[in-house]
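Spelled out from the first residue to the last, the chains are:
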Amino acid sequence: GTLDPMAGGVLILCLGTATRISEYLLGGDKQYRATVRLGQTTTTYDAEGQFLEQSLVTVGLDQIESALPNFRGTISQVPPAFSAVQVGGRRAYNMARHGETPNLAPRSVTIHGLDLISWQSPDLTLNITCSAGTYIRSLAHDLGRALGCGGYLTALSRTAAGGFTLEDAHELSHIESTFKAGNGATLIRPTDHALSSWPVVSLDAAGANRILHGNPVPIQNLPQGSGLGRAYDPNGCLIAIVEADPASGQWKPKKVLATA
């Protein structure tokens with residue numbers, strides 16, 4: 001995640017009933033295209049902060065490629081001082097703005113993919129696939145430090161989130177004008193599009209009625225391990241988020257989205 005004003009890209013907006021599944025979308029993996037400028041550090045780890053140390057950039061492509069594997073997989077990362085992380089009930093960025101140094105604990109994040117797209121000194125561009133909670137600004141800062149010359153984030157675009165990509169997105173101005181014209185429904189995706197990777201639980205009338213009243217139903221085709229599924233009534237309407245309980249052999253309603 002990032003608070004950088006230069007950031008843009010995919011942002012999922014939930015309307016109506018879909019707001020009830022927003023918690024499941026926030027925790028999903030994200031993809032980014034990021035540009036890192038080597039040779040200098042900043043207080044915010046991006047171009048919005050005050051500039052600090054400056055170094056000559058003498059690294060080459062081989063050194064950059066050699067450094068990237070250390071940032072792939074599950075890594076320990078310290079959030080930027082200018083971040084929304086809470087420290088003792090206060091936001092870190094509020095502390096930093098008042099000249100305090102927030103004591104931020106490292107956290108585990110997962111970098112599923114980290115690929116160099118271009119390198120034209122002092123700027124390098126990366127494609128990143130990562131777990132929720134990853135700070136791309138910290139990744140830029142830490143990569144610059146690993147290369148011995150410092151670095152900071154100069155541009156960031158979220159290219160995918162929650163199964164949606166830039167190709168699925170619309171400019172905010174287009175969304176606004178379309179809704180003003182009364183055609184907003186043409187831009188709205190069904191709620192279950194955001195859950196397309198989840199198992200489908202098709203219920204008969206009796207099963208749907210049980211789920212709608214908060215009662216479990218037997219599992220017929222158990223997915224691998226436990227996990228969440230999307231339950232549909234006989235009409236094909238999404239009615240609930242259910243959770244597999246292998247011990248009892250049942251789907252248990254976790255969040256009912258329709259009314260009984």
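Every value quoted in this text rests on a predicted model; they were computed, and no experiment measured them. (Residues numbered from 1 in each chain as written. Predicted model: local features only at pLDDT ≥ 70, side-chain atom pairs only at ≥ 80, totals over all residues. Heavy atoms only, no water.)

J.: Sorry if this is basic, but what is going on with the side chain of T178 here?
T.: Here T178 shows up in helix α5 (residues 172–180). A polar atom in the side chain of T178 sits 2.7 Å from the backbone oxygen of H174. In this structure T178 touches N183, G184, T186 and L187, once residues within four positions along its chain are discounted. (Helix = DSSP H or I, 4+ residues; strand = E, 2+ residues; numbered from the N terminus. Polar contact = N/O pair within 3.5 Å; in protein donor to acceptor, adjacent residues only side chain to side chain. Contact = heavy atoms within 4.5 Å.)

J.: Would you mind going over the sheet that holds strand β12 (residues 200–202) with me for this structure?
T.: Strand pairing in a sheet relies on backbone hydrogen bonds. The paired strands run either parallel or antiparallel. The five strands are arranged β12-β14-β15-β16-β13 in an open sheet whose pairing can be described as mixed. Because the sheet does not close on itself, it has two edges, and the strands there are β12 and β13 (217–218). Where strand β15 (residues 238–245) and strand β16 (residues 250–256) come together, six bridges link them in antiparallel fashion. Note on β16: the bridge partner recorded for E243 is K252. Those strands touched by helix α6 (residues 205–212) are β13, β15 and β16, and its axis lies near 85° from that of β15. (Pairing = 2+ DSSP bridges. Axes fitted to C-alpha atoms, helices over the stretch in contact; angles between N-to-C directions.)

J.: What is the right way to look at the environment of Q250 in this model?
T.: Inspection of the secondary structure puts Q250 in strand β16. Along the chain, Q250 and S202 lie 48 residues apart, while their C-alpha atoms are 13 Å from each other. Ignoring sequence-local partners within four residues, the contact set of Q250 consists of P216, V217, P218, I219, E243, A244 and D245. Only 3.4 Å separates the side chain of Q250 from the side chain of S248, close enough to count as a polar contact.

J.: Explain the packing of aromatic side chains here, please?
T.: Within a pair of aromatic rings, the relevant descriptors are the distance that separates the centres and the angle that separates the planes. Within this structure, the stated rule accounts for two aromatic pairs. Here Y24 and W198 contribute two aromatic rings whose centre-to-centre distance is 5.4 Å and whose plane-to-plane angle is 75°, an arrangement assigned as edge-to-face. On the criterion of sequence distance, the pair formed by Y24 in helix α1 (residues 22–26) and W198 in the loop between α5 and β12 is long-range, its members being 174 residues apart. Classification of Y24 as buried rests on a relative accessible area of 17%. Aromatic side chains F51 and Y152 sit 5.5 Å apart centroid to centroid with 80° between the ring planes, which places their arrangement in the edge-to-face category. Taken together, the residues span a long stretch of sequence, with F51 in strand β4 (residues 51–54) and Y152 in strand β10 (residues 151–161) at a distance of 101 residues. Overall, the relative accessible area of 44% leaves F51 in the partly exposed class. (Phe/Tyr/Trp six-rings, centres within 6.5 Å; stacked < 30°, edge-to-face > 60°. Buried < 20%, exposed > 50% of the residue type's maximum accessible area, 1.4 Å probe, protein only.)

J.: Before we go on, may I ask you to explain unusual backbone geometry in this structure?
T.: Glycine aside, negative phi is the norm for most residues, and most peptide bonds take the trans geometry. Residue S121 is joined to P122 through a cis peptide bond whose omega torsion reads 10°. As for its placement among the helices and strands, P122 is situated in the loop between β8 (107–120) and β9 (123–130). Positive phi is not limited to glycine here, since Y45 has a value of about 70°. Here Y45 shows up in the loop between β3 (40–42) and β4. Look at Y45 and you get buried, because its relative accessible area is 16%.

None of this, on its own, says anything about what the molecule does.
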